[in-house]
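Listed below, chain by chain, are the residues.
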Amino acid sequence: MNVENAAARVENASKVYGAGDTEVTALDGLTVAFERGRFSAIMGPSGSGKSTLLHCLAGLDYLTSGDAFIGDIRLGDLSERELTLLRRKKVGFVFQAFNLIPTLDAAENITLPVAIAGETPDKDWYETVVETMRLGDRLDHRPSELSGGQQQRVAAARALVSRPEIIFADEPSGNLDSKSGEELLGFMRKAVDEFGQTIVMVTHDPRAAAWADRVVFLADGRGDGELASPTSDQILEFLKSMG
Amino acid sequence: MLRIALKGVLAHKVRLAMTALAIVLGVAFVSGTYVFTDSIQRSFDSLMSDVNEGVDLYVRGTTEFGFGGVRIDEALVDRVRDLPEVAVAAPSVEGIAQLVDEQGEPIGGNGPPTFGFSYVPEGEGLTPLVIREGDWPRSPTEVVVDAFAADAGSIEVGDVIEVILPIGTEVFTISGIATFGDAENLLGATLAVFEFETAQRAFDAAGSVDTIAVVVFPGADPALVAAQIADFLPDRAEVVTGEQQTDDDVGEFTEGLSFINTILLVIGGVAVFVGAFLIQNTFRIIVAQRIRELALLRAIGATRGQVTRMVVLEALAVGLVASAVGVGAGILIALGLKAAFAGFGFGIPTTGIVLLPRTIVVGMTVGIVVTIAAALVPARRAARTPPIAALRDVAAPPRSLGTRIAAGTAVTGMGFSLVLLGLFVQFGNAVAVVGIGALVTFTGVSILAPLVAAAFARSAGAPLRRMGIVGRLAQENAIRRPRRTAATASALMIGVALVSVIAVFQGSAKASVAAAFREDNRSDFQVQLGSFGDPASSGLSPALTADLRELEVVGSVARGRLGEYRSGPDGGLKFMLGVDGPIGEQVVFEMADGSLGDLGPGTAVISAAEARAFDVGLGDFVRVQVSSGAYMELTVVGVFEAAPIGASLVIDLATYEQYNSFRLDQFAYVQVADGFAAEEVRPAIEEVVAGYPNAKLTNTEELIADTEDQIDTILNLLVVLLGFALVIALLGIVNTLALSIAERRREIGLVRAVGMERRQVRRMIRWEAVLIAVFGGVLGLVVGVVLGSALVLAIGQGFTLAIPWVQLIVYLVLAALGGVLAAWIPARRGARMKILDAIAYE
Ligand SMILES: Nc1ncnc2c1ncn2[C@@H]1O[C@H](COP(=O)(O)OP(=O)(O)O)[C@@H](O)[C@H]1O
Ligand SMILES: [Mg+2]
């Protein structure tokens, strides 16, 4: 893959938690890059370092060694404040749960990063995003009044609305029933196809990963192969072959 | 259950530590008050214990109440001495003698008394005074001063100093320096000892003495001697034992001290009360956070009673530890109180620190009882946790809106009714009724507060929205748990309400005083004590008036002397004023009947209220008791509506002096002679007044300013002491914020993840605190203004309501700043929270 065109990448990345007896190596010299304008998925067994990779790429955590880049910005060079501004401007997030501020309604949750920056959202773009996520009639509802699927769509809309260079999603459909999950993934796919959005998604569900253009497999904090535009059956087979 | 309870305490130690701090502070104030006053009492007691040692009997004038009394005839000294079994009969004359240092500044005074005593050789050894340096006064120009005064005024034996006496300011040579037993310092009092005849002259006591100390020969029975003396004593004189005299001396002092003690205890009580709000809030939050654990206990068979007991046991553990620490911290508070009093000019030197068992018992009891009482409601709530809550998210059913409105309104109404009853009807112990009423009112308002918390945060927080998302989140967070917000704000409300009551009273008092002076005062100049002084132990030398009257530029001087009397019908003690000079021309008395001009020997002008109480009119007699126990029969020659001076009985000075030995004036008013301009002749008058260093000359506007300053000094001391309750309330905000932030870890992590900067997080938390604080402040202002207005209206007597809005708004701003301060640590902690910990999904 062309490293120059990567939206985000890590080089020789290691992440070690704890020390001594309790030392855990979550990432072990991993090098991987994610292209712009594509929908990538990361898969691997539980504890293989998927979330850690995502956090270190997204500027939520520092690597122990190696480098992480968003575009050509080396995250290790940034101060805490610069990282915060980077997350605000260039990165979007969708977590597995607890994505929303309960005291704000859906519209306010969607525009949260823009509001934090003290800016007003681009109205046309906001409406496009809201329409894409089919949230038009839910905007004045608070999170507690939304279904799980709707909540995740609000989170996705929030990630999209600041036009970030890249969106990271950590098991975004992990807590949803299959219908809502499919719906959400469909919308994310649409964001990639129609708006050229870059998305990197962690999942352990082969059917979710099948929405991606490319699936990268991790095991024990190392790369363990990848598939391009696979079907869910191909993914299942690959996982089986990994053992 | 005990083990679970203790584990519960340990599991929430940080949270409970904050609560405990509230109890520590409250208990510390209460026990500190006791330590403070006990220490003063102890040093006084030890001073007094050997005062009258060696004296078998005292002969003295009677004093039923108040100050002054009467002196006894000097001829009695010889009659006592001539009794066969009397070994020594030593006369003594006492009065007030203000020492003046080289710079012309008064030494001591300003609260503590300035005693003057007489010396007779036969009395040596009968008083606790010991000469440390030099010798007793042996000539009319000699004086002995105490070691404290000598230090304060840099006085040495042989120096020449001025002393202000009832007869004027005179110059003496220091013949010696005395100590009071072993003590260098008589609680800040100063002492001047003169040769006996000099003292008689100085204290305007020619031909009379205050006491005669009697020592009987060994083997003689003092009781028999006392009976012999009593036989020839005239009315208004009595003979008492040495112990009795000591007890009376101590008793008077103790009474004054117990007043200070009461005021401080009330403030301590307020602190504890505020602490109770904090405790309740913390326990409620802890219970809410542990709902699953409690439900599990219920599910596996714990009864409601057991759950209640568990929470109460936790409270007991916290209360026990915190109260113990509080009693210890009380010693620091005692030192702080001493410093606060000194800072406001009421220096109270003490020797040693006294921690009585009573202090420990009261401190521990108050701390533990209040903690448990405050935890009781949350404990009951905990018991109502349905077992099913262990499995699902169900909160214990909250109290219904209707119940809350009804309960809150009822309690508030009851409290306010008590306040009004106490103020206007004045049954029983009115002050206590008002105090309890105020506390009940606070409780009622705190029950109602959650109902308006959200509305308040929405409207008052509206400007915050314009600050963008940070302000918006702060506002939402403040509203989110209305009951928690309200409870936190209520703690602050109490302190703010009390300082607002004081502010309203202060504003009204100042406005009323200013208006009254401007309206009623016709004098050009006024002479009064230059510093704070107890009317019973300080005053102006009468010689000052004589000197002023000699000035050509002075038209007239009217002076007044305060005294107390017991009014016949209701038996209460009231102030009387002995006046000399054309007082009616200098001060406008609004006369209902008769005239002040008719005042002369044996006549009185009385207030309309007294006239009604006695049911008398012009020409009728009134009979009132004076300090010595004697009765004055006076013919009413005038009735006034409102007294600008606060006395309800005015007599002429000659009559006063006949019944009262107090010889210092409270004030002297001066009108310049016709044809002179007041400000032009001021230097001449100033020169005379300058000869009396404790006197201060003012014109009317200066007098108003001075009076306002005095009002401010006393009330500001109260406000500073109440600051303690405010500190506790701010701790409550710290606590609530810390809890709220802990609960909101995920949200803070989320907003940080999507790009909120640390300083924005800090700002968000600060604004939340400000909203809570301002809510408490506004509640406090409203309650305070209402209660304060009621107080002012109840006082009546020309008191007009003046609400100092500017000051109140300053208080509100200070409350908001307090919020910022309280948010300091929680905001930092919130901003430093690890994002990943917060968003981790388990
Ligand atoms: N904060 C942490 N402290 C210690 N160990 C951690 C921490 N976070 C993750 N780990 C460990 O690092 C490894 C990788 O974790 P993670 O990246 O969450 O894996 P995945 O998302 O693939 O399940 C696991 O062994 C996990 O226990
Ligand atoms: Mg994970």
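This text goes with the structure placed above it.
Treat the numbers as computed from the prediction; the structure is a model and nothing was measured.

**Focus on unusual backbone geometry**
All names here are of chain A. The residue Asn12 is not glycine, and still its phi comes out positive at about 55 degrees. Here Asn12 lies in strand E1 (residues 6–17). Positive phi, close to 35 degrees, is recorded for Ser229, a residue that is not glycine. The residue Ser229 is located in the loop between strand E10 (222–228) and helix H9 (232–242) in this model.

**Quick notes on the sheet that holds strand E14 (residues 237–241) of chain B**
Residues and elements named next belong to chain B. Strand order in this open sheet of 4 strands is E3-E13-E1-E14, and the pairing throughout is antiparallel. Edge positions in the open sheet fall to strand E3 (86–92) and E14, since each of these has one partner strand only. Between one strand and the next, the sheet's axes are offset by a mean angle of 20 degrees, whatever the strand orientation. Inspection of the sheet shows strand E1 (residues 57–61) paired to E14 by 5 bridges, in the antiparallel sense. Paired with Leu57 across the two strands is Thr241, which belongs to E14. In the packing of helix H6 (residues 222–232) onto the sheet, the strands contacted are E1, E3, strand E13 (211–216) and E14, and the crossing angle to E1 comes to about 25 degrees. Packed on one face of the sheet, helix H7 (residues 242–289) meets E1 and E14 and runs near 100 degrees to E14.

**Comments concerning the interface of chain B and chain A**
Each partner contributes to the interface: chain B provides 23 residues, whereas chain A provides 28 residues. Summed over both partners, the interface of chain B with chain A comes to about 2,400 Å²; 63% of that surface belongs to carbon and sulfur atoms. When the shortest N-O distance is used, the salt bridge between Arg472 of chain B and Glu108 of chain A registers 2.3 Å. Where chain B meets chain A, there are 11 residue pairs in polar contact (both at pLDDT 80 or more). Within the side of chain B that touches chain A, the residues separate by chemical class into 11 nonpolar, 3 polar and 9 charged.

**Some thoughts on the nonpolar core**
The nonpolar side chains of soluble globular proteins are, as a tendency, buried together. Among the nonpolar cores identified, the biggest contains 166 residues, and Leu53, Phe93 and Phe168 of chain A together with Phe442 and Ile494 of chain B are the most heavily contacted of them. Ranked by residue count, the leading element in this core is helix H15 (residues 482–520) of chain B, at 18 residues. Among all residues touching Leu53 of chain A, those that are not within four sequence positions of it are Val10, Leu27, Leu30, Val32, Phe34, Ile42 and Leu218 of chain A. Core analysis: the next-biggest nonpolar cluster, separate from the first, contains 51 residues, Leu57, Val80, Ile107 and Leu233 of chain B among them.

**Details of the sheet that holds strand E9 (residues 214–219) of chain A**
Residues and elements named next belong to chain A. Read from one edge of the open sheet, 6 strands run E6-E7-E8-E3-E9-E10, paired in mixed fashion. This sheet does not close on itself; its edge strands, each paired only once, are strand E6 (91–94) and E10. Averaged over all neighbouring strand pairs, the angle between strand axes comes to 20 degrees, with direction disregarded. Note that strand E3 (residues 39–43) and strand E8 (residues 199–202) share 4 bridges and pair parallel. Across the sheet, residue Ala41 finds its bridge partner in E8, namely Met201.

**A short note on the site of ligand 1**
Residues and elements named next belong to chain A. Taken together, the residues surrounding ligand 1 are Tyr17, Val24, Ala26, Pro45, Ser46, Gly47, Ser48, Gly49, Lys50, Ser51 and Thr52. Between ligand 1 and Gly49 there is a distance of 3.1 Å, counted from an oxygen atom to a backbone nitrogen or oxygen. About the coverage of ligand 1: the protein hides 58% of its 560 Å² of free accessible area. At the level of secondary structure, the elements contributing two or more residues to the shell around ligand 1 comprise strand E2 (24–35) and helix H1 (50–57). A per-element tally of the shell around ligand 1 places H1 first, with 3 residues.

**So, helix H10 (residues 357–383) of chain B**
Compared with an ideal rise of 1.5 Å per residue, which puts 27 residues at 39 Å, H10 of chain B spans 37 Å between its outermost C-alpha atoms and is within 8% of the ideal. The set of residues buried in H10 of chain B consists of Thr359, Gly363, Gly367, Ile368, Thr371, Ala374, Ala375, Pro378, Ala379, Arg381, Ala382 and Ala383 of chain B.

**Description of the packing of helix H14 (residues 469–480) of chain B against helix H23 (residues 758–795) of chain B**
Residue and element names in this part refer to chain B. Two numbers describe how H14 lies on H23: the axes approach to 8 Å, and their chain directions differ by 45 degrees. Taken together, the axes of H14 and H23 lie oblique to each other. As H14 packs across H23, the resulting crossing turns out to be right-handed. Residue-level contacts link Val470, Leu473, Ala474, Gln475, Asn477 and Ala478 of H14 to Gln760, Arg763, Met764, Trp767, Glu768 and Leu771 of H23. Of the residues that constitute the contact of H14 with H23, the class distribution is 7 nonpolar, 3 polar and 2 charged.

About the criteria used
Residues numbered from 1 in each chain as written. Chains lettered and ligands numbered in written order. Predicted model: local features only at pLDDT ≥ 70, side-chain atom pairs only at ≥ 80, totals over all residues. Heavy atoms only, no water. Helix = DSSP H or I, 4+ residues; strand = E, 2+ residues; numbered from the N terminus. Pairing = 2+ DSSP bridges. Axes fitted to C-alpha atoms, helices over the stretch in contact; angles between N-to-C directions. Contact = heavy atoms within 4.5 Å. Buried area = accessible area lost by both parts, 1.4 Å probe. Salt bridge = Lys/Arg side-chain N within 4 Å of Asp/Glu carboxyl O. Polar contact = N/O pair within 3.5 Å; in protein donor to acceptor, adjacent residues only side chain to side chain. Nonpolar A, V, L, I, M, F, W, Y, C, P; charged D, E, K, R; others polar. Core = buried A, V, L, I, M, F, W, Y, C linked by side-chain atoms within 4.5 Å. Buried < 20%, exposed > 50% of the residue type's maximum accessible area, 1.4 Å probe, protein only. Near = heavy atom within 4 Å. Areas by Shrake-Rupley, 256 points an atom, 1.4 Å probe, with all protein chains shown as cover. Expected span 1.5 Å × (residues − 1). Parallel < 35°, antiparallel > 145°, perpendicular 65-115°, else oblique. Left-handed = near helix turned anticlockwise from the far one by under 90°.

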